[in-house]
Amino acid sequence: MKIRHFLLMTASVMALALSIPALKADAAPVTMADGTVFDAEFYASSYPDVVAVFGTNPDLLYMHYALCGKAEGRLAVSPSYVPTTTNTGSSDFDVVYYAGRYPDVATILGYDPALLKLHYDLYGKAEGRFPNAAAEAAAGSSAASVPASVTTNNIGAYEQQVLDLVNAERAKAGLAPLSWDASNLAPGAAIRAQEIVGYFSHTRPDGTSCFTAIRNPGRVGENIAAGQRTPQAVMNSWMNSSGHRANILNAGYTKIGVGYVYVPGSPYGAYWVQMFSS
């Protein structure tokens, strides 16, 4: 697998660390006994390495997903799948929004509406996740007045691990930790992670600088990467590249946002973004 990673530093410095046949089956997404929505045809088409060992039997494929695939970050159903039933007993919970906004949750729980609503009730609300787009927009309009201790919790599991790893590297270098910027850098990094799936560059698909994804850029930096399956792997790639390492260990930066997206069937699968500012 080829792995690419780039970075962009301040405005004055820029550096570049620079067909599977469709299976014929009657396997539409179905709800399994444990509540997981699973599409055997999608799973087989997306993961030929699994098919090579287990074949295309739906039961065997689900066994692999339950025992191994889920932990490996594989998806049980296509990200474009829209549940036919969205009645979760809550008028303000949008299951399609929640699964798309928090891929770390969907990767573990799948796309079953009841399970996603249960996650939000038990964990998501306390973690600062939003039940629908309107709630996120309303929070964003007053984000400047939200204490950092609250906004810091609005972070996915992989993004949190990258933040922790960054600050561990900075601590080893005697530098102050970076704070999570939930109102500016994090949303910008999330947008950029989606954009680099199809256009891997520090230039956005519309031809503008990557920094137009955030407000009032000032002194900023960006690291991007693709192909690494875990936070530790992507941090290893960045720390082994002098330019990316310089961004991570830049004493002038005080804030960070991290974006991550996993897209089955795409050239590299996993896509990562770090955005920094002073």
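Because the structure is a prediction, the values reported are computed rather than measured.

1. Description of a nonpolar patch on the surface
- Together, Leu60, Met63 and Leu67 line one region of the surface with nonpolar side chains, adding up to about 280 Å² of accessible area.
- Inspection of the secondary structure puts leucine 60 in helix H3 (residues 58-69).

2. Concerning the pattern of salt bridges
- Counted under the stated rule, the structure contains six salt bridges.
- With a closest N to O distance of 2.8 Å, arginine 74 and aspartate 49 form a salt bridge. With arginine 74 in the loop between H3 and helix H4 (95-101) and aspartate 49 in helix H2 (residues 48-54), this pair connects stretches of sequence that are 25 residues apart.
- Take arginine 74: its relative accessible area is 9%, and that puts it in the buried class.
- The exposure class assigned to aspartate 49 is partly exposed, which follows from its relative accessible area of 43%.

3. A short note on the packing of helix H9 (residues 157-172) against helix H11 (residues 231-239)
- Direction vectors running N to C along H9 and H11 enclose 40°, while the axes themselves pass 9 Å from each other. Comparing their axes, H11 and H9 come out oblique. When the axes of H9 and H11 are compared, the crossing they make is right-handed. Along the contact surface, H9 presents Tyr158, Gln161, Val162, Leu165, Val166 and Glu169, while H11 presents Pro231, Gln232, Val234, Met235, Trp238 and Met239.
- Looking at the contact of H9 with H11 residue by residue, the classes come out as nine nonpolar, two polar and one charged.

4. Things to note about the confidence of the model for the protein chain
- For the protein chain, per-residue confidence averages 76 on the pLDDT scale, and residues scoring 70 or more make up 74% of the total.
- Low pLDDT, under 50, characterises residues 85-90; the predicted model gives this stretch six contacts beyond four residues in sequence or across chains.
- Note that pLDDT drops below 50 for residues 141-153; the model gives that stretch eight contacts with residues more than four away or on any other chain.

5. Examining the packing of aromatic side chains
- This model, assessed by the stated rule, comprises eleven aromatic pairs.
- Between tyrosine 43 and tyrosine 47 the ring centres are 4.9 Å apart and the planes differ by 65°, which places this aromatic pair in the edge-to-face class.
- Overall, the relative accessible area of 5% leaves tyrosine 47 in the buried class.
- Taken together, a centroid distance of 5.7 Å and an interplanar angle of 35° make the contact between phenylalanine 93 and tyrosine 120 tilted. Taken together, the positions of phenylalanine 93 in the loop between H3 and H4 and tyrosine 120 in helix H6 (residues 113-124) put the pair 27 residues apart, joining distant regions of the chain. Taken individually, phenylalanine 93 and tyrosine 120 each receive the classification buried, so the pair is uniform in this respect.
- A cation over a ring is seen here: arginine 219 above tyrosine 253, with NZ or CZ 6.0 Å from the ring centre.

Procedures and definitions
- Residues numbered from 1 in each chain as written.
- Predicted model: local features only at pLDDT ≥ 70, side-chain atom pairs only at ≥ 80, totals over all residues.
- Heavy atoms only, no water.
- Patch = residues over 30% accessible without salt bridge, like charges linked within 9 Å, V, L, I, M, F, W, Y side chains within 5 Å.
- Areas by Shrake-Rupley, 256 points an atom, 1.4 Å probe, with all protein chains shown as cover.
- Salt bridge = Lys/Arg side-chain N within 4 Å of Asp/Glu carboxyl O.
- Helix = DSSP H or I, 4+ residues; strand = E, 2+ residues; numbered from the N terminus.
- Buried < 20%, exposed > 50% of the residue type's maximum accessible area, 1.4 Å probe, protein only.
- Axes fitted to C-alpha atoms, helices over the stretch in contact; angles between N-to-C directions.
- Parallel < 35°, antiparallel > 145°, perpendicular 65-115°, else oblique.
- Left-handed = near helix turned anticlockwise from the far one by under 90°.
- Contact = heavy atoms within 4.5 Å.
- Nonpolar A, V, L, I, M, F, W, Y, C, P; charged D, E, K, R; others polar.
- pLDDT = per-residue confidence, 0-100.
- Phe/Tyr/Trp six-rings, centres within 6.5 Å; stacked < 30°, edge-to-face > 60°.
- Lys NZ or Arg CZ within 6 Å of the ring centre and 35° of its normal.

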